Amino acid sequence: MHLRKFLALGLSILSAVAISSPASADTIRDRQYWISDYGFNKVWETTKGAGVKVAVIDTGVDAQHPDLEKAMFGGTDVSSIGDASGYLPVGEVSHHGTMVASLLAGRGHGEDEGVIGVAPEAELLSVSMAFGAQTLNTDDQVAAGIKWAVDAGAKVINLSLTRNSKDWPLSWDEAFLYAFENDVVVVAAAGNRADGTEQVGAPATIPGVLVVAGVDRNAVASSAASTAGLSISVAAPATDLVSAFPGGEYKIWSGSSGAAPIVSGLVALVRAKYPELDANNVINRIIETATQVGTENYSSEYGYGLIDPEKALSAKVASVTENPLGSLSEWIELYRKSQAPEDVPSGTINTPIDSVEPVVTSSPDSGNLIMVLVYLAVGALLLSSMLRGSRRRE
């Protein structure tokens, strides 16, 4: 009898200790540091971006991924080699679009499993284009994708791509003007030094575009996963980003291509919270509430500062009548009128460097494993003691 009481007491103590022990941080969601570090989880109490359409003009989105299947609300293909739905990853680094989309509006799945986007109720539109296909003009694909996205009702367009030139083709004048005239916020990645982009290139040089630079986990400008330039607007996380990968997988990557959709998601949250604001005031709200880095009001590495979702969705911000990032129409009036079409500098869109890494799940915590084994051993002893006592009574 005393042995059974002792074993029962020991079992109850072990149970309490085992239950209170923290779970090993090996899930996908645990790796999304930017969700809590930047306060996105707090602003979800106010909005998750429901009803805001965001177009991802990229390599297509795997709509069958469990974290994205409920996030897709339409799409198209502008590459001529993809599926009409825009859901077939195409071209070189075809996984790029899926990874970008999941950071923006991933839904996750099951009980807090998988990737959750910063705007997990925004409605994604996938426009598939192809990087690296020499027979296809990437400039024309981008222009066609923007026009389609605007007509499809997008209020935000994400461009995680960069040209190897600060200049852009004439076809982009018309396409970007069409977006701005229809109250669309266009978000673009600054580019990466790792890709050979030492200074921002188009579309990050186009007036009116919300340009995103990248910082590391310590909120320091990344030397590889970002670049510098006087058109940078804000900075956002760009390193060690865990994302959905075609085929139901997950990968870790770095680059301003990942920082851009985090800001696009923030734009979706602002547009959902303040539907009365036009694109100019949405942009102004994001840059005015950014956290300044250093002593200067503006930096070529951080722009106006690090994004602050909580302030962006709650602070009082004075209204504006013009885009604080400049006017493309005025730029065209000043610079294009005397420029012949053949004088426009040529360039191509860079194919992003394929730098993804597999997600390695951490091994089980040895302390917890030992505790479980001890727990089972004590339980076995208790059961054995009870059975022996039962036989004696018989």
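First, a word on scope: everything that follows refers to the structure included in this document. This is a predicted model, so every value here is computed, not measured. Counting of residues starts from 1 at the beginning of each chain's written sequence and follows it residue by residue. Given that this is a predicted model, residues contribute local features only at a pLDDT of at least 70 and side-chain atom pairs are listed and counted only at 80 or more, while totals for whole chains, interfaces and linings are drawn from all residues. In computing side-chain values, all of the structure's heavy atoms are included and hydrogens and water are not.

**Overview of the overall build of the protein**
The line we're drawing: Only runs of H or I of at least four residues qualify as helices and only runs of E of at least two qualify as strands under DSSP, and these elements are numbered from the N terminus. Burial here depends on accessible area, computed with a 1.4 Å probe over protein chains only, as a share of the maximum for the residue type. Under 20% is buried, over 50% is exposed, and the range in between is partly exposed. Throughout, a residue-residue contact means that at least one pair of heavy atoms, one from each residue, lies within 4.5 Å. Method for areas: the Shrake-Rupley scheme with a 1.4 Å probe, in which residue coverage is limited to the protein chains shown.
Scanning the protein for helices and strands turns up eleven helices and twelve strands. For the protein, buried positions account for 51% of its 394 residues. Restricting to contacts in the protein with at least 6 residues of sequence separation, those with at least 24 account for 77%. Taken as a whole, the protein presents about 17,600 Å² of accessible surface, with 53% of it coming from carbon and sulfur.

**Remarks on the sheet that holds strand S10 (residues 241-245)**
Going by this rule: When DSSP locates at least two bridges between a pair of strands, those strands are taken to pair. Here, axes are lines fitted to C-alpha atoms. For helices the fit covers the stretch in contact, and angles between N-to-C directions go from 0 to 180 degrees.
Taken in spatial order, the three strands make up an open sheet running S10-S11-S12, and their pairing is antiparallel. Of all the strands in the sheet, the pair left with one neighbour each is S10 and strand S12 (357-358). Note: S10 against strand S11 (residues 249-253), five bridges, orientation antiparallel. Pairing of Val 242 across the sheet is with Ile 252, part of S11. Taken strand by strand, helix H4 (residues 96-105) contacts S10 and S11, and its axis lies near 120 degrees from that of S10.

**A look at the sheet that holds strand S9 (residues 234-237)**
Pairing in this open sheet of seven strands is parallel, and the strands run S2-S5-S1-S6-S7-S8-S9 from one edge to the other. In this open sheet, the two edge strands, each paired with only one partner strand, are strand S2 (72-77) and S9. Ignoring strand direction, the axes of neighbouring strands in this sheet form an average angle of 25 degrees. Both strand S1 (residues 53-58) and strand S6 (residues 156-159) contribute to a ladder of three bridges, which runs parallel. Each bridged residue has a counterpart across the sheet, and for Val 56 the counterpart in S6 is Asn 158. Against the sheet, helix H5 (residues 138-151) contacts S1, S2, strand S5 (123-128) and S6, and its axis sits at roughly 160 degrees relative to S6.

**Description of the pattern of salt bridges**
Selection criterion: The rule for a salt bridge is simple: a side-chain nitrogen of Lys or Arg has to be within 4 Å of a carboxyl oxygen of Asp or Glu.
Tallying each qualifying case throughout the model produces ten salt bridges. Here Asp 139 makes a salt bridge to Arg 163, at a shortest N to O gap of 2.8 Å. Of this pair, Asp 139 sits in helix H5 while Arg 163 is found in the loop between S6 and helix H6 (170-181), placing the two residues 24 residues apart along the sequence. Of the two residues, Asp 139 and Arg 163, neither departs from the other in class, the shared state being buried. Glu 249 is the partner of Lys 251 in a salt bridge, and the nearest nitrogen-oxygen pair spans 3.8 Å. A relative accessible area of 16% places Lys 251 in the buried class. Here the residues in one salt-bridge network are Lys 155, Asp 183 and Arg 271, joined through shared partners.

**So, the pairing of strand S4 (residues 113-116)**
Across two bridges, the pairing between strand S3 (residues 107-109) and S4 is antiparallel. Directly across from Arg 107, in S4, lies its bridge partner Ile 116. Counted along the chain from S3 to the antiparallel partner S4, the turn is three residues long, and its residue Gly 110 has a positive phi close to 60 degrees.

**Notes on the packing of helix H7 (residues 256-273) against helix H8 (residues 279-288)**
Our working rule: Comment on the angle field: the value is read as roughly parallel under 35 degrees, roughly antiparallel over 145, roughly perpendicular from 65 to 115, and oblique elsewhere. Whether a crossing is left-handed or right-handed is set by the direction in which the near helix is turned from the far one by less than a right angle, anticlockwise for left-handed and clockwise for right-handed. Think of it as three bins: nonpolar holds Ala, Val, Leu, Ile, Met, Phe, Trp, Tyr, Cys and Pro, charged holds Asp, Glu, Lys and Arg, and polar takes everything else, Gly as well.
Running from amino to carboxyl end, H7 crosses H8 at an angle of 120 degrees, the nearest separation of the two axes being 10 Å. In terms of orientation, H7 and H8 fall into the oblique class. In the packing of H7 onto H8, the handedness of the crossing is right-handed. Two secondary-structure elements touch here, H7 through Leu 266, Val 267, Val 270 and Arg 271 and H8 through Ala 279, Val 282, Arg 285 and Ile 286. In the contact of H7 with H8, the residues fall into six nonpolar, no polar and two charged.

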